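Analysis of the macromolecular model
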Amino acid sequence: MLQWGFLYPVMLGAIPLALAGLVYAYLRRGSAPRRIVSSVLLLKLLPRQPKYRRTFKPPTRFYFELLLLLLLGFGAAGLYFRGTAQRVVVVLDSSLSTAARFGDTTVHAELRERAAQYLSALSSFSEVAVLQPGDSALGAFVSPTEAQALVASSTVRYVEDRLAQLVTQAFSAPAVNVVAVFSDIEAPSTMPANLRWQTLSLASQGLRRDNITISDVSLQPPSPLAKGHTAQLRVRSFAEQAAEVRIVSEVVRSIKEVWRPVPLRNFDIELKQGEERIVPIELPEASAGIAYHFRIEPVLSDGTRGDVLPLDDSAWVTAQSTGTRVAVVSPRSLAELGLEKLTLFDFESTSIEELKKPRGAGGHEFGLAIVDRTPLDFIPTIPTLLSLSSMPELTLGESPQQGSISAWSEGHDVLSYLQFGALGSIQILRITSPLWMEPIVETTTGAVVVAGSKDNSRYVGLGLDIFPFRGSRDPFSSVLLLNSLKWLARTTLTQGYRVLKTPMLLTGPLHRVEVGNGEVQEPVVGEPFALPTRPGPFIVYPEEGDRNATLLAVNFFSPGESDLLTATGIVLPTVEERAEQMPSVSGIAGWLALIVFFALILDVVRYLIPARPRAGSVGA
Amino acid sequence: MLPANFTPAYLRQLELLKIRSRRAFLGSRQGGHVSPKRGHGIEFADYRKYELGDNPRHIDWGVYARSDRVYVKRFQEEQDLSVLVLLDDSASMDTPSGSGKWQRAKDIALSFAYIALMQQDRVCVSIPSSGDQPFSSGPRAIHRIAETLESATVGAQYDFLSSAQRAISRVGFPGVAIFISDLLMPLENTIAILDAMRARNLDITVVQLLGPEDREISEGAMVAVDSETGEQLEIVVDQRLREEYRALMDSFNARLVDYFHSHSIAYVLCDARQPLTEFVVENLIRTGLVV
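All values derive from a computational prediction rather than experimental measurement.

Along chain A, the regular secondary structure elements total ten helices and 36 strands. At a minimum sequence separation of 6, the contacts of chain A that also span at least 24 residues come to 67%. Just so you have it, chain A exposes about 30700 Å², and 54% of that area is on carbon and sulfur atoms.

Given below as C-alpha cells:
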C-alpha cells in the first residue's frame, strides 16, 4: 500500500503566505504586455493611468511561478512516499499442455489472467521478471505494469514445462524475495515459504481431460520392392474412454503447394482407453511428394468430437535430399526419365556445354551427372552415369543385340540385390571400355555394365536402358539405377525422409523464412535462427529470391504434455529462505529541488530576454 | 563595400550634389566652396590700391584708363569644407528593433559623406559610442566610412549627451555640422549638443528621423519600457489618449523648430519609411541643404 506524507509539515504554512505575495506582486505589476519604446518622455506627460488592474487576469507566467512555489513548498515540507518493495519472479507455465480447452478459453489464457491479477496487487516499488518454459535466461526485472504487458503477450509454446528447473532458476536470481508460479500442474507437497503456487488444471476444475495424440511418425520411401510410400503413425490415447479416430493424410508435392496440401487417403481406427497403436499407412504409389502431413480427428465414445488439446493432433514428414545436384543430359525430360520421384537428389536438366565446364568457380556446381543417350567428346570431371551414351575411351556398339546375362561381378556395390537369374534375354548395346573400367555385367554378346574410377571420379557405363524409373514396377532397372547413384555418390541413401522436432536451430546461410499465412521472418545475420515456436511447415530461403528454397516441417511429440490425466509430481530443490518484502521510502524532496532549480533558470532566462516589441505599437 | 541600396544610379545622383554652407569657411586646401580668403580664384571680390610687390598682371588697366589710378583686382579663393556628420547612436534609434530607423540613419549619414567626399571636402562621420573618427578626404575614403557605419550598433544605455559633446569638442576646423537624430531626448540635452556645435562655429543642420512607432501610439494596455533608461510606465491607451499623444508630439517638435529658427539651425524632418533616394535627392535639395 502506498503511503505519503511530509517530514516537516509546518513548512506547508509558508505556502499560503508565499501565494498571497505572488498574487499581490502580479496585482501590482499588472498583466499588460511589456513593450520597449524609444522613450517614455512624452508618455509621462499623458494623463495619469491607474496602477491597479480592475480585474485579476494573470498571464501564463503567473501559473508557472505558482507551480514553482507549490513545488518549493512541498520540497521544503519534505514530501515522501512510502511503500513495500518486492523482487518477484513470475513463472508462467506456457507449455503445450496449457493450450488445453478450458471452457470457452484455454488454460493458458486463465493462467495469464491470474498472473495479471497477482501483478496488479504488487506495490509499484516492486520489480518483476517473467520466466516461461523455453526461456534461455531470466529476463530483466521491470515494473509490475510492464510485467503485466509481458504476461498479456505470452502465447503457448511447444515446449515441456520443466517447472522444477524454472523455479530453481528463478530462485538463483540475486535478491529475489518471491517466486510466483502459475501452472496447470499441482503444487508440490513441500514448498519454500516464499514460493507462491497457483494451479489451474482441468482436473481441479472437474473438466474433461480426454486427449488423443500422434506421438510419433515415420515414413519409408518407395523401395524397388514396395509399392508407394509407407508411413507409420504412432497414435496414443490419454482419454478415459474409447475413441474412434479418423486418420487423415495429405501430401505436398511442391513448395508452392505447402500451404494447400493435397488429400491422400482417410481411414478410421478404433482406439481403446489408454491404448497406443502403431498405424501403418500405405500411401498411393503416385503420391510422391516433398512432405506429408498426418492428422487425427478423434470422436470419443460419448459422442464428443475432438479432444481437449488439438495442438498435438498433427504430424509432418519431409523429404530429405542429400543436397547433391545431379546434372541430367538427355533428350528426355526429367518426368520422362521418372527422376522426379527420387527426392534424394536435386536433379536438373542441363546441356553438354554446361557439363563440359570445370566444376567450381566459373563452372557448374553439380556433384553427379547422368548422361542418357548422348555421346560425349570429353570425359566429365564429376562422377557420371552413362546410359546408352559414349565418351572417349568408352564406345557403344552401333546396333542393339539380343543376349542373356552370362557373367557378373559378385559383390560389386552397383549390383547389390539384383537378381540376374530371373532375367531372360535382353536387348543391349555392347560396351567397349578402357582398361581403367571393369566390365561388371556381361552377356553372351559383350559387356553391358562397366564401372571404374579415374582421377578420383567414378563412372558407370550402361549398355541397356534403365529409364524411366518406375519403382517396384521395374525392380531390376530401379535397383540398378539406385545402386549406381549410390556407388557414384559414395553415399548410403538409406534415409529418404525425416521427422524434425521443435525447438530447432537453423544455422548457415539464411535470408528469410516463410512460416505460413504470408508471415515472413528475417533472421539476424550471424545469429542462429530458432524456429519454429509452433510445429508445422516452413520454407527456408538461403538467399534472396526463391532459389534453393527448402521446405522443412517440425513436430512436437511429448507424452508428458499430451497426458492430461496423470498428475506429475514435482520435487523442488531446497532454496534459501528470504525476507518476502522490504520497506521502501522514496523521498521526492531532492527531485522537487531539481525541478525547482531548472524552473527557476527558465523563469530567469524568460525575464532577462525581453519580449520582442510589436511593430507599430507605441512610440515616444 | 557600400550598402546594396547605394546603386550606381543613386551614386550618380549624389555625385551631382554639393553640400551648401550658409557661411564661408576657411578651408585647408583648394576646393569647391567659396572661402573668405582673397586670392586666386574665379569669382571677383573687389579692388585694392596697387602696392609695391603686387603682381602687375592683376592691375585692372580699364580702371587705370578711366581714373588714372592703379588698382589691382582681388578674387575669392575656393577651398574645401569640413563636414561633421554626428549620428545619434542612442538605443532609441533602433527601437523597435528592426524598424529600419537605425539603418536609414546610417544610409543618410553615408549619403552626406559621399556627397562631401566627391566634392573634395573633408568629412567626419562621428558615432559617439564607436570612438573617435578622423576627418577623411578623397573618394576612396567612402569605403572606410561605409565599413565603420556597417559595423556600428546603437549603444546600450549610455550617456549620449556627454559622448556627443566630447566628439564635437574634437572638431578643429569650422564648417558644416549635420546632426542626425530622432531627438527623442529631453529638450535641454538637444540644446546642449547644438550649443556645443555652435561654440565650434559650425553651420548646423538637424535631420530628425522618426519612425511610425514614434509618431503614433496604439490602443490598449501596456507596460512601456524606455529603451534608453529602462524606466517603466504602465499605461492604458484609448482614442482620446492617442490624440493627446499626437498633440504632445507636435508640440514637442514645434518647440524644437522654434529653437532651430531662433539659432539659425537648418532642420529637416525625415520619415524612416520614406525612400532614401526621395529623401536625399528631393527633400534635401528642396530644403537647400544640398545644391
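What follows covers the pattern of salt bridges. Opposite charge on two side chains permits them to pair, given that their charged atoms come into close proximity. Following the criterion strictly, the structure yields 27 salt bridges over all chains and no others. Arg470(A) is the salt-bridge partner of Asp474(A), the closest N and O atoms lying 3.5 Å from each other. On the basis of relative accessibility, which here comes to 37%, the residue Arg470(A) falls in the partly exposed class. Close ionic contact of Glu216(B) with Arg242(B) constitutes a salt bridge, the shortest N to O distance being 3.5 Å. With Glu216(B) in the loop between helix 7 (212-215) and strand 8 (220-226) and Arg242(B) in helix 8 (residues 239-262), this residue pair connects regions lying 26 residues apart in the sequence. Given a relative accessible area of 30%, Glu216(B) falls into the partly exposed group. Taken together, the salt bridges that share partners define one network made up of Arg332(A), Asp372(A), Arg373(A) and Asp465(A).

All names here are of chain A. Pairing is antiparallel across the open sheet formed by five strands, whose spatial order is 13-12-15-16-28. Whereas interior strands pair on both sides, the edge strands pair on one side only; in this sheet they are strand 13 (262-271) and strand 28 (497-498). In the sheet, strand 12 (residues 243-252) pairs with strand 13 via nine bridges, with the strands oriented antiparallel. Considered in strand 13, the bridge of serine 249 is made with arginine 265.

The pairing of strand 22 (residues 401-408) of chain A with strand 23 (residues 425-428) of chain A spans four bridges and is antiparallel. Counted as the bridge partner of Gly403(A) is Ile426(A) from strand 23 of chain A.

What follows covers the packing of aromatic side chains. Centre distance and the angle of the planes are the two values used to describe a pair of aromatic rings. Overall, the coordinates contain eleven aromatic pairs over all chains when judged by the stated rule. With centroids separated by 6.5 Å and ring planes inclined at 75 degrees, the aromatic side chains of Tyr47(B) and Tyr71(B) adopt a geometry described as edge-to-face. One end of the pair, Tyr47(B), is in strand 2 (residues 43-49); the other, Tyr71(B), is in strand 3 (residues 71-79), and 24 residues separate them in sequence. An aromatic cluster is present here, built from Tyr259(B), Phe260(B) and Tyr267(B) joined pairwise through their rings. Stacked on the ring of Phe141(A), the Lys or Arg Arg87(A) has its end atom at 3.8 Å from the ring centre. Against the face of Phe173(B) rests Arg122(B), its NZ or CZ located 4.2 Å from the ring centre.

Residue and element names in this part refer to chain B. Of all hydrophobic cores here, the largest spans 48 residues; its most connected members are Leu14, Ile19, Val83, Val85, Phe112, Ile180 and Val280. For this core, the element with the most residues is helix 3 (residues 101-118), which contributes eleven residues. For leucine 14, the contacting residues outside a window of four places in its chain are Phe6, Ser111, Tyr114, Ile115 and Val280. Grouped together as the second largest cluster of nonpolar side chains are 41 residues, Ala177, Met222, Ala224 and Tyr245 included.

A few words on the packing of helix 3 of chain B against helix 9 (residues 276-287) of chain B. All names here are of chain B. Taken N-terminus to C-terminus, the directions of helix 3 and helix 9 make an angle of 50 degrees; their axes are 10 Å apart at the nearest point. As far as their axial angle goes, helix 9 and helix 3 are oblique. Here helix 3 and helix 9 pass one another in a crossing that is right-handed. Here helix 3 contributes Arg104, Asp107, Ile108, Ser111, Phe112 and Ile115 to the contact with helix 9, which in turn contributes Leu276, Phe279, Val280 and Leu284.

Rules used throughout
- Residues numbered from 1 in each chain as written.
- Chains lettered and ligands numbered in written order.
- Predicted model: local features only at pLDDT ≥ 70, side-chain atom pairs only at ≥ 80, totals over all residues.
- Heavy atoms only, no water.
- Helix = DSSP H or I, 4+ residues; strand = E, 2+ residues; numbered from the N terminus.
- Contact = heavy atoms within 4.5 Å.
- Areas by Shrake-Rupley, 256 points an atom, 1.4 Å probe, with all protein chains shown as cover.
- Salt bridge = Lys/Arg side-chain N within 4 Å of Asp/Glu carboxyl O.
- Buried < 20%, exposed > 50% of the residue type's maximum accessible area, 1.4 Å probe, protein only.
- Pairing = 2+ DSSP bridges.
- Phe/Tyr/Trp six-rings, centres within 6.5 Å; stacked < 30°, edge-to-face > 60°.
- Lys NZ or Arg CZ within 6 Å of the ring centre and 35° of its normal.
- Core = buried A, V, L, I, M, F, W, Y, C linked by side-chain atoms within 4.5 Å.
- Axes fitted to C-alpha atoms, helices over the stretch in contact; angles between N-to-C directions.
- Parallel < 35°, antiparallel > 145°, perpendicular 65-115°, else oblique.
- Left-handed = near helix turned anticlockwise from the far one by under 90°.

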